[in-house]
Amino acid sequence: MRKVLYRFDCPTPHQLGEFHLGVAAPPDAERVSQHVAGCPLCQADLGTLRGFMEAQAIRPLAKAEPEAPPSVFGWVQEVVAKLLPATPATALRGSLSPQIIAAADGVTIILTPQTAADGSLSVSGQIAADDQDRWTEAVVQLRRADDLLATALVDDLGGFRCEGLSSGEAQLRITPQTGPAVRVPEIELKA
Amino acid sequence: LCAAGRSVVISPLTRAAWASSTTDRMPPDAASLNLAQLAEHCAAETRRFYNNEPHNPAFCLELLRRGFVNRDQIAWDLVYAQYKAQILRWVLHHPHFPATGDEAEDLMQSVFVRLLGVMTPEKFAQFPTLAALLRYVQMTVNSVIMDVTRKRPARKPGDFDDDATEISAPGAPLSPIEKDELWRLIVSRLKGDGELLLIRASFIWDMKPAEIHQTWPQVFTDVNEVYRMKQNILDRLSRVPELAWFLNGTGK
């Protein structure tokens, strides 16, 4: 019965969103308001929406630190991306390799390691940025200690691919033609 | 961009909306710019915004207007190119994205599809600034993701150990109208606000008996009362002929 009735009378997430933004038509707004007052799930959904809207509001990028710590890539200005927790979603898919997702202010990098037929590793990458154009033809470098493992160029859709890699820790740096580079300091490469 | 010189039609409604509610002042020449010029200005002004420099959002707003309101396919392609990275970023950073099990790119596409469906000229006119419009886009990211997570089974199979009274509904999915009718029928057989609350919490909000007791201790003094009351209700409902098909799977 709960499978059939679960949230059957709740407003859709989009109706809730329009209500939250104050752009719902007056009759809808009144109905949603009355519903939300008595529905803990919709109240929770609105809380999620508020948190998401606030945390991910579009803002100007933070300035790169002029005295960024040195890296194996040298002293060029860069921002350091932080690794996000691995997504359970990728684990659920089973057949897919776990993705590595790293984010800096305004830039998100997704790496998907895969094992090639010859046993070596390849990494497919995607960079999504607020200023996406800046990253077209950016230079991708994968390093291990002082060794340069692979290089690639970011295409106009933000994609890149590095091949012939081996398992182990690595650093990724993506250097656009203008503005600060982004670095992911600790990546565990494994298929 | 080779079709950038195509003429642009601004409907009277939209023109009126501009005049009455636009606070991002449209430069005199923005409406006359071709799409390539608009897209170029939009990208440049967006970069200026991210670099915390003075910027003019009117070019992006006009580009979005031509995509959403005029349904100009090339304008729409340019809108897609300009905003896909931001939407993908929102998807990836949504707290419930991991629970969807979907690819971020697929969800991003769904956001664009939904925006095309909901953004009527009247709706577009409700957004006086680019910032307000992009907040609506961000909200749409949330709604697409929440739709996916809401559709998943409320509980996994085998997750009813504490709830021996669970009854599975048979047959094809019910339409919204049928669900309304079913709910009205159930409510008509309930006695008092406590039973209504219990059934709503159990079946619409998918709360476990312990949660129900903890949430409304003034209504349900202990978890056993929740179990007892729920069993009584289900026994009563099972004696309603119109509900037999549903509760026992004996046909509609």
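Residues numbered from 1 in each chain as written. Chains lettered and ligands numbered in written order. Predicted model: local features only at pLDDT ≥ 70, side-chain atom pairs only at ≥ 80, totals over all residues. Heavy atoms only, no water.

**A look at the confidence of the model for chain A**
Residues and elements named next belong to chain A.
- With 85% of its residues at a pLDDT of at least 70, chain A reaches an overall mean of 81.
- Per-element confidence in chain A is highest for helix α2 (residues 13–21), whose mean pLDDT is 96, and lowest for helix α5 (residues 88–93), whose mean pLDDT is 44.
- Note on residues 65–75: pLDDT under 50 across the span, and 19 contacts to partners over four residues away in sequence or across chains.
- Counted against residues more than four places away or in other chains, residues 88–95, with its pLDDT under 50, gives nine contacts. (pLDDT = per-residue confidence, 0-100. Helix = DSSP H or I, 4+ residues; strand = E, 2+ residues; numbered from the N terminus. Contact = heavy atoms within 4.5 Å.)

**Observations regarding the interface of chain A and chain B**
- Counting residues at the interface gives 57 residues for chain A and 66 residues for chain B.
- Where chain A meets chain B, there are four salt bridges.
- The partner of B:R200 in a salt bridge is A:D9, with the nearest N and O atoms 2.9 Å apart.
- At the level of elements, α1 (2–5), α2, α4 (40–55), α5, β3 (100–104), β4 (107–115) and β5 (121–129) of chain A are the ones that each hand at least two residues to the side of chain A that touches chain B.
- The element that contributes the greatest number of residues to the side of chain A that touches chain B is α4(A), accounting for seven residues.
- When its residues are assigned to classes, the side of chain A that touches chain B shows 32 nonpolar, twelve polar and 13 charged. (Salt bridge = Lys/Arg side-chain N within 4 Å of Asp/Glu carboxyl O. Nonpolar A, V, L, I, M, F, W, Y, C, P; charged D, E, K, R; others polar.)

**Some details on the nonpolar core**
- Judged by nonpolar contacts, the single largest core of 84 residues is most densely connected at A:L5, B:I87, B:I186 and B:W205.
- Here this core gets ten residues from one element, more than from any other, and that element is helix α4 (residues 73–93) of chain B.
- Once residues lying within four places of it in the same chain are set aside, the contact partners of A:L5 are B:K179, B:L182, B:W183, B:I186, B:F203 and B:I204.
- Ranked by size, the runner-up nonpolar core spans 28 residues in total, among them A:I127, A:W135, A:L142 and A:I174. (Core = buried A, V, L, I, M, F, W, Y, C linked by side-chain atoms within 4.5 Å. Buried < 20%, exposed > 50% of the residue type's maximum accessible area, 1.4 Å probe, protein only.)

**Considerations on the pairing of β3(A)**
Residue and element names in this part refer to chain A.
- In terms of burial, β3 is largely enclosed, as five of its five residues are buried.
- Neither face of β3 is exposed, since I100, A102 and A104 on one face and I101 and A103 on the opposite face are all buried.
- The pairing of strand β2 (residues 82–83) with β3 spans two bridges and is classified as antiparallel. When the sheet's bridge partners are listed, K82 is paired in β3 with A103.
- Across five bridges, the pairing between β3 and β4 is antiparallel. Note that in β4 the partner of A104 across the bridge is V107.
- Here β3 folds back onto β4 in antiparallel fashion, the turn holding two residues, of which G106 has a positive phi close to 85 degrees. (Pairing = 2+ DSSP bridges.)

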